[in-house]
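The chain contents come next:
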Amino acid sequence: MQEAAAYLGLSPRTLYVWRHRRQGPPSFRLGARGRVTYRLDALDAWIREQELADSRSNPALDPVSAAPQRRVDHSATA
């Protein structure tokens, strides 16, 4: 877990908390002692998911670049 935290630029404590809240990257236990392990490709995929969910790096989510929405006039009668 130490190496995964360093790779992500997080503290091991943050990664631990995220793991138990099921918020962070996917992990699994490995070996007789059940050491928590992260696959490098899973870490990279999780980073990409976070990037796509952030409007600062995904123009499709940027509210400034979104097409203006038309107001619906509810006062008009049919």
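Structure shown above.
As the structure is a computational prediction, the values presented were derived from the model and not from experiment.

Student: Explain the overall build of the protein chain to me, please; I cannot follow it from the model alone.
Tutor: Helix and strand counts for the protein chain come out as three helices and two strands. Listed N to C, the secondary structure of the protein chain is α-α-β-β-α in terms of helices and strands. Looking at the protein chain as a whole, 18% of its 78 residues qualify as buried. Intrachain contacts of the protein chain at a sequence separation of at least 6 include 24% that bridge at least 24 residues. A total accessible area of about 6,800 Å² is found for the protein chain, and carbon and sulfur atoms account for 52% of it.

Student: Sorry if this is basic, but what is going on with a nonpolar patch on the surface here?
Tutor: The grouping of Tyr7, Leu40 and Ile47 at the surface amounts to a nonpolar patch, some 280 Å² of accessible area in total. Within the element layout of this structure, Tyr7 appears in helix H1 (residues 2-8). Take Tyr7: its relative accessible area is 41%, and that puts it in the partly exposed class.

Student: Please explain the nonpolar core as it appears in this structure.
Tutor: Considering soluble globular proteins, one finds that nonpolar side chains tend to be buried as a cluster. If you look at the biggest cluster of nonpolar residues, it comprises eight residues: Ala4, Ala5, Leu8, Leu15, Val36, Tyr38, Leu43 and Trp46. When contributions to this core are tallied by element, the ones reaching two or more residues are H1 and helix H3 (40-52). Per element, the largest residue contribution to this core is three residues, and it comes from H1. When residues no more than four places from it in sequence are discounted, the contact partners of Leu43 are Ala4, Tyr7, Leu8, Pro25 and Tyr38.

Student: Just checking my understanding: could you explain H3 for this structure?
Tutor: Because the α-helix completes a turn every 3.6 residues, residues three or four places apart line up on one side. Its 13 residues place the ends of H3 19 Å apart at the C-alpha level, agreeing with the 18 Å of an ideal helix rising 1.5 Å per residue. In this fold, the buried residues of H3 make contact with H1 and helix H2 (12-21).

Student: Would you explain the side chain of Thr37 in this entry?
Tutor: Here Thr37 lies in strand E2 (residues 35-37). At 3.2 Å, the side chain of Thr37 forms a polar contact with the backbone oxygen of Arg35. Beyond its immediate stretch of four places on either side in the chain, Thr37 contacts Ser27, Phe28 and Leu30.

Student: Just checking my understanding: could you explain the pattern of salt bridges for this structure?
Tutor: A side chain of one charge can pair with a side chain of the opposite charge if their charged atoms are brought near each other. All told, the structure shown has one salt bridge when counted by the stated rule. Note that Glu3 and Arg35 form a salt bridge whose closest N and O atoms lie 3.4 Å from each other. Taken together, the residues span a long stretch of sequence, with Glu3 in helix H1 and Arg35 in strand E2 at a distance of 32 residues. Note on Glu3: relative accessible area 54%, which makes it exposed.

The rules we used
Residues numbered from 1 in each chain as written. Predicted model: local features only at pLDDT ≥ 70, side-chain atom pairs only at ≥ 80, totals over all residues. Heavy atoms only, no water. Helix = DSSP H or I, 4+ residues; strand = E, 2+ residues; numbered from the N terminus. Buried < 20%, exposed > 50% of the residue type's maximum accessible area, 1.4 Å probe, protein only. Contact = heavy atoms within 4.5 Å. Areas by Shrake-Rupley, 256 points an atom, 1.4 Å probe, with all protein chains shown as cover. Patch = residues over 30% accessible without salt bridge, like charges linked within 9 Å, V, L, I, M, F, W, Y side chains within 5 Å. Salt bridge = Lys/Arg side-chain N within 4 Å of Asp/Glu carboxyl O. Core = buried A, V, L, I, M, F, W, Y, C linked by side-chain atoms within 4.5 Å. Expected span 1.5 Å × (residues − 1). Polar contact = N/O pair within 3.5 Å; in protein donor to acceptor, adjacent residues only side chain to side chain.

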